[in-house]
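Remarks on the overall topology
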Amino acid sequence: MIDEDEREALPIPVADPNHNTLDESIWRTVERDAHRILINTRCVLLPFGIRHDEKAKILRDWDLWGPLVYVLALGTCLISDVQEAPALFSTVFSTIVFGSVALTLNVLLLRGHIIFLQAISLTGYCVFPLNIAVLMMKIGLSRTYCTVLACSSVICSILASLPLVSAAVHEKRTGLAVFPVILLHVSLAILAVFSVQVR
């Protein structure tokens, strides 16, 4: 759980409506975006210490830099051991996109509030545990070892997405809303287990 001191040390970034990013320096923009990526990644790694109002702020203040980095890293790690690298790389990207479309439609059908880019941001950040698992799979002890890592990363990813999805829908409908996220992460984990070469 995130205690009060840690929460104050890393505030949730909130967009200032009077702030004009065209007037700021490039370094300030990079610093602001890197800070947002760190905050959102921390929320994925420690999902249960987030208050409900903070969940809504995280979902509202989405970005695409972190998801881009994490999905690129996942695709790059997976293609290093296979021969059909372009097909696998595009499969990773299309799985994330289709999962985000399914999440968006599902939340909207459940009378929630989310836009497609928020869904991409959410699913992209929640891929981070799978990135760690794929890096650990590279030592490739056995197929069982890779399967255990993949299963644990799926559980971490689903637990990380629960607080954020619950901010988009009514609390009683969170289980239904998170179903596309479960399918997305299970699909990516299966892809990772069979793509990594066991030594």
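Our subject is the structure that appears above.
Structure report, in brief. (Residues numbered from 1 in each chain as written. Predicted model: local features only at pLDDT ≥ 70, side-chain atom pairs only at ≥ 80, totals over all residues. Heavy atoms only, no water.)

Moving on to the overall build of the chain. On a plain count of helices and strands, the chain comes out with ten helices and zero strands. When the helices and strands of the chain are placed in sequence order, the string is α-α-α-α-α-α-α-α-α-α. Of the contacts formed within the chain by residues at least 6 apart in sequence, a portion of 76% connects residues at least 24 apart. Counting every atom, the chain has about 10800 Å² of accessible surface; 67% of that belongs to carbon and sulfur. (Helix = DSSP H or I, 4+ residues; strand = E, 2+ residues; numbered from the N terminus. Contact = heavy atoms within 4.5 Å. Areas by Shrake-Rupley, 256 points an atom, 1.4 Å probe, with all protein chains shown as cover.)

Considering soluble globular proteins, one finds that nonpolar side chains tend to be buried as a cluster. Residues Leu74, Leu78, Leu130, Val134, Met137 and Leu188 are the most contacted members of the largest nonpolar core, which totals 23 residues. Sorting the residues of this core by element identifies α4 (65–79), α5 (85–109), α7 (128–137), α8 (143–166) and α10 (179–195) as the ones contributing at least two each. Not counting the four nearest positions on each side in its chain, leucine 74 is found in contact with Val92, Val127, Leu130, Asn131, Val134 and Leu188. Among the nonpolar cores identified, the runner-up in size contains 20 residues, and Ala119, Leu122, Leu164 and Val181 belong to it. (Core = buried A, V, L, I, M, F, W, Y, C linked by side-chain atoms within 4.5 Å. Buried < 20%, exposed > 50% of the residue type's maximum accessible area, 1.4 Å probe, protein only.)

A few words now on the environment of tyrosine 125. Position of tyrosine 125 among the secondary structure elements: in helix α6 (residues 116–125). Within polar-contact distance, the side chain of tyrosine 125 engages the side chain of aspartate 63 at 2.8 Å. (Polar contact = N/O pair within 3.5 Å; in protein donor to acceptor, adjacent residues only side chain to side chain.)

Attention shifts here to the pattern of salt bridges. Two side chains that carry opposite charge are able to pair once their charged atoms sit near each other. Applying the stated criterion across every chain yields a total of two salt bridges. The partner of arginine 32 in a salt bridge is aspartate 33, with the nearest N and O atoms 3.5 Å apart. With relative accessibility at 15%, the residue aspartate 33 sits in the buried group. With a closest N to O distance of 3.8 Å, aspartate 33 and arginine 36 form a salt bridge. Of this pair, aspartate 33 and arginine 36 both sit in helix α2 (residues 26–45), three residues apart, which is roughly one turn of the helix. (Salt bridge = Lys/Arg side-chain N within 4 Å of Asp/Glu carboxyl O.)

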